[in-house]
Each structure stands twice: as C-alpha cells, then as structure tokens.
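Observations on chain architecture
The chain contents come next:
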Amino acid sequence: MEFEHTSVLLLETVDNLNIRPDGIYVDGTLGGGGHASEVCRRLGERGRLIGIDQDEDAIRAAGERLSPYANRVTIVRSNYENMDQVLKELDIQKVDGIMLDLGVSSYQLDTAQRGFSYKEDAPLDMRMDQRNAVTARDIVNTYSEMELYRIIRDYGEDKFAKNIAKHIVQARQSKEIETTGELVEVIKTAIPARVRFAGGHPAKKTFQAIRIELNRELTVLDNSIDRMIELLNPKGRLCIITFHSLEDRIVKNGFRKNENPCTCPPEFPVCVCGKVSRGKILTRKPILPSGQEMEANKRSKSAKLRVFERV
Ligand SMILES: C[S@@+](CC[C@H](N)C(=O)[O-])C[C@H]1O[C@@H](n2cnc3c(N)ncnc32)[C@H](O)[C@@H]1O
C-alpha cells in the first residue's frame, strides 16, 4: 500500500521555521516526510534535517521520499520525547528549528490492520510504535470500568463515557473484545439510537481516547515542550500543529509558561523568583488552514499551528 498522507498547513509551518540554508532542523513526527521534504528543499549543502518517527512504516516511506536529499537527512526511529538523547547521539547540542505535526497519519488510519480505524474490522491494535508490547486490546480488556470511564471522558470528551465504559466491561465478561468491529458494536449499544443516527460516528471519540491513552500522546507532548525549547538556538523556532483541543491547550499553556515563567505573587512589585523568559509566542491566535485547504483535505479542518521563538 502507498503511503498516502496530505501534509497539513505545509507552507505555513515551513515558512514559520524560518529556514536558514545552513541550519539544523528537527521534524519530531516525520510521517511520510511531507513537511520534511519542503524543509530539505530550502536547505543548502551544509544544512541538516533530523527526522524522528516511532512508526516503522513512516520511517520507510520518509526514507524513500527524502532520498533525493540523503546527504542532508538523518532519520531516526524513536519517540520525539527522546529528542535530546537522539541529538546527543548525533553530537548535536542545539538546533535552529523543531516541528511537530501531531496525531496519526492518514496512512496509519487507512491501513486497517493497524487497528486505528472504526470503519474497518481488524485486530484492536492502535500502536504507533509496533515494538511496544501493549495494544488497544489490552486497554479494552484489562482496564477497570472506572479507568475506561476516565479516559473516554477526558481524552474522548464523550458525554456517554460512563455508559460506554459500563457496556465494555459487561461485554468482555462473556468474551474478550478482540477487534475494532466488535468494539464498535459494543459502543453502539451504549449510545441512544437518536444520537447514533445524528452527528459523527458513534465510536469516533472512544477510539480517539484509547489511542491517546495507549500512545501516551498528551503526556509525551506535555513532557517535551520545555525540553524542545531548551534545544533551540537563539531565534530558533518551535512549530506545533495540533488536531484537537486537548493537545492545543497543552501547547498554548506550555508556550505561555515559557514566555512568562515568573511564579511571584501578582502583588509583588518586582520579580524575586528569578525565572526568566525563554522566548516569545509568535502566534497570539493559532494559524488555521485556509478555506481552500479545509475544502481539499477534511483532516485539516481541526488543525491549529502555534509558533514559539527562543530568545
Ligand atoms: C500527522 S503524521 C505526520 C505527517 C508528516 N508531517 C507529513 O507531512 O508527511 C504524524 C506522525 O507522527 C508520528 N508520531 C506521533 N507521535 C509520535 C511520537 N511521540 N514520537 C514519534 N513519532 C510520533 C506518527 O507515527 C505519524 O507518523
């Protein structure tokens, strides 16, 4: 199967990275290498791109896509939460720009056997990194009802979370839930018919929640923002594209905290905590895709780009 994925906010992101032809850049979510190839195109002979992805298929696809730029690209299979370690091993201390384009690629969603999609029946997997032992099947069949409720409520923001968790636990008492199709059927029984036939797919939010929990998506993002900013040279930029409000909130707050880290009580006339700003937010409001892009690529509709510049 071809690796198909249309890059979201492509020019907006790469323009905001402010590429210097001899600079060093990191794409922490390389995917099919769409953004990365635009970065490489703007790099000169001495420029460098480090591309990181935890997914084996993405690494292979990006390797092919970026082969014309092989002299300036290093591809590493890892989690972007290990970015400092990855760079250290390459003997790189600081970089001029870092980008993240979060979530799953269309290729991952469309490859049924990866188990991300509620539209096709396949083993419940959802691992972005196929080397990990734990899969969505383990979450669905071993988490307590309370834990399932918590993740479907917090990561899926589904108002039927309580009922869905209850139905999952009931269903698995007679037989393990093994496939995406079986899980979809259980979720359908937990949602009132009038809701099921209106709006989006009834399983969409629960699938999102399980995927986020399994791949620790929000924890990884939250743990990484300060460290990525620390890796930037002065004037270096961090560009992050998010796809839902939970991710966007983490980025917005993480950037704010780095712009103004002072923890002194507001009534103090001068700062005594000594925490100094590490840069500035360049996007008071996030950059959104144009109407034309949203029209052409449905996946881009919820995308938001935020940019931070290091002092
Ligand atoms: C939306 S796609 C990126 C598409 C890419 N920008 C392009 O234009 O082709 C997201 C990619 O990030 C990867 N990914 C998500 N979270 C990751 C993490 N914590 N560490 C490494 N890769 C991650 C996924 O495996 C997926 O391939």
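Residues numbered from 1 in each chain as written. Predicted model: local features only at pLDDT ≥ 70, side-chain atom pairs only at ≥ 80, totals over all residues. Heavy atoms only, no water.

Considerations on the packing of helix H9 (residues 180-190) against helix H11 (residues 204-214)
- It is the contact of H9 with H11, at a shortest axis distance of 10 Å, that shows an interaxial angle of 125°. Classified by the angle their axes make, H9 and H11 are oblique. Crossing handedness for the pair H9 and H11: right-handed. Contacts between H9 and H11 pair Thr 180, Leu 183, Val 184 and Ile 187 from the former with Thr 206, Phe 207 and Ile 210 from the latter.
- Of the residues contributing to the contact of H9 with H11, the split by class is five nonpolar, two polar and no charged. (Axes fitted to C-alpha atoms, helices over the stretch in contact; angles between N-to-C directions. Helix = DSSP H or I, 4+ residues; strand = E, 2+ residues; numbered from the N terminus. Parallel < 35°, antiparallel > 145°, perpendicular 65-115°, else oblique. Left-handed = near helix turned anticlockwise from the far one by under 90°. Contact = heavy atoms within 4.5 Å. Nonpolar A, V, L, I, M, F, W, Y, C, P; charged D, E, K, R; others polar.)

Quick word on the environment of Gln 113
- Inspection of the secondary structure assignment puts Gln 113 in the loop between helix H5 (106-110) and helix H6 (136-142).
- In this structure the C-alpha to C-alpha distance between Gln 113 and Pro 123, which are ten residues apart in sequence, comes to 6.5 Å.
- Those residues in contact with Gln 113, other than ones at most four positions away along the chain, are Ala 122 and Asp 125.

Some thoughts on the site of the ligand
- Ser 7, His 35, Asp 53, Asp 101 and Gln 108 are the nearest of the 26 residues found near the ligand.
- A distance of 2.5 Å separates an oxygen atom of the ligand from a polar atom in the side chain of Ser 7.
- Across the complex, the protein chains shield 98% of the 600 Å² of accessible surface that the ligand would expose by itself.
- Given that more than half its atoms are within 2 Å of the pocket grid, the ligand belongs to the largest cavity.
- Broken down by class, the residue content of the shell around the ligand amounts to seven nonpolar, 15 polar and four charged. (Near = heavy atom within 4 Å. Polar contact = N/O pair within 3.5 Å; in protein donor to acceptor, adjacent residues only side chain to side chain. Areas by Shrake-Rupley, 256 points an atom, 1.4 Å probe, with all protein chains shown as cover. 1 Å grid on protein atoms, 1.4 Å probe; cavity = no way out; pocket = protein on both sides within 12 Å on 5 of 7 lines; lining within 4 Å. Sits in = over half its atoms within 2 Å of the grid points.)

A closer look at unusual backbone geometry
- Phi is positive for Asp 91, close to 65°, though the residue is something other than glycine.
- On the secondary structure map, Asp 91 appears in the loop between helix H4 (83-89) and strand S4 (95-101).
- Backbone geometry at Met 126 places phi at a positive 65°, although glycine is not the residue there.
- Relative to the elements of secondary structure, Met 126 occurs in the loop between H5 and H6.

Some thoughts on helix H7 (residues 145-154)
- Turning to H7, its buried residues are Leu 148, Tyr 149, Ile 151 and Ile 152.
- If you follow the buried residues of H7, they end up packed against H6, helix H8 (161-174) and H11. (Buried < 20%, exposed > 50% of the residue type's maximum accessible area, 1.4 Å probe, protein only.)

Some details on the packing of aromatic side chains
- Scanning the entire structure with this criterion turns up two aromatic pairs.
- Centroid distance Tyr 118 to Phe 207: 5.7 Å. Interplanar angle 90°. Geometry classified as edge-to-face. Here Phe 207 lies in helix H11 and Tyr 118 lies in the loop between H5 and H6, a separation of 89 residues in the sequence.
- Between Phe 255 and Phe 308, the ring centres sit 5.3 Å apart and the planes meet at 50°, which makes this aromatic pair tilted. You can see Phe 255 sitting in helix H13 (residues 245-259) and its partner Phe 308 sitting in strand S7 (residues 304-310), a full 53 residues away along the chain. Taken individually, Phe 255 and Phe 308 each receive the classification buried, so the pair is uniform in this respect.
- Positioned over the ring face of Tyr 149 is Arg 153, at 5.1 Å from the centre of the ring.
- Looking at Arg 299, its charged tip hangs above the ring of Phe 243, at a distance of 4.5 Å from the centre. (Phe/Tyr/Trp six-rings, centres within 6.5 Å; stacked < 30°, edge-to-face > 60°. Lys NZ or Arg CZ within 6 Å of the ring centre and 35° of its normal.)

Considerations on the pairing of strand S2 (residues 48-53)
- Counting buried positions over the six residues of S2 gives five, a clear majority of the element.
- Bridge analysis of strand S1 (residues 24-27) against S2 gives four bridges, and the strand direction is parallel. Each bridged residue has a counterpart across the sheet, and for Val 26 the counterpart in S2 is Ile 50.
- Of the crossover connections in this fold, the one passing from S1 over helix H2 (residues 34-42) to the parallel S2 is right-handed. (Pairing = 2+ DSSP bridges. Right-handed = clockwise from strand over helix to strand, strands pointing away.)

Let's talk about the side chain of Ser 106
- Relative to the helices and strands, Ser 106 resides in helix H5.
- Its relative accessible area of 16% is what places Ser 106 among the buried residues.
- When neighbours within four sequence positions are excluded, Ser 106 is seen to be in contact with Glu 4, His 5 and Arg 299.

A few points about the pairing of strand S5 (residues 232-242)
- Of all eleven residues making up S5, eight are buried, and the element is well covered by its neighbours.
- Pairing between S4 and S5: six bridges, direction parallel. Counterpart to Leu 100 in the pairing with S5 is Ile 240.
- Across six bridges, the pairing between S5 and S7 is antiparallel. What sits directly across from Thr 242, in S7, is Lys 304.

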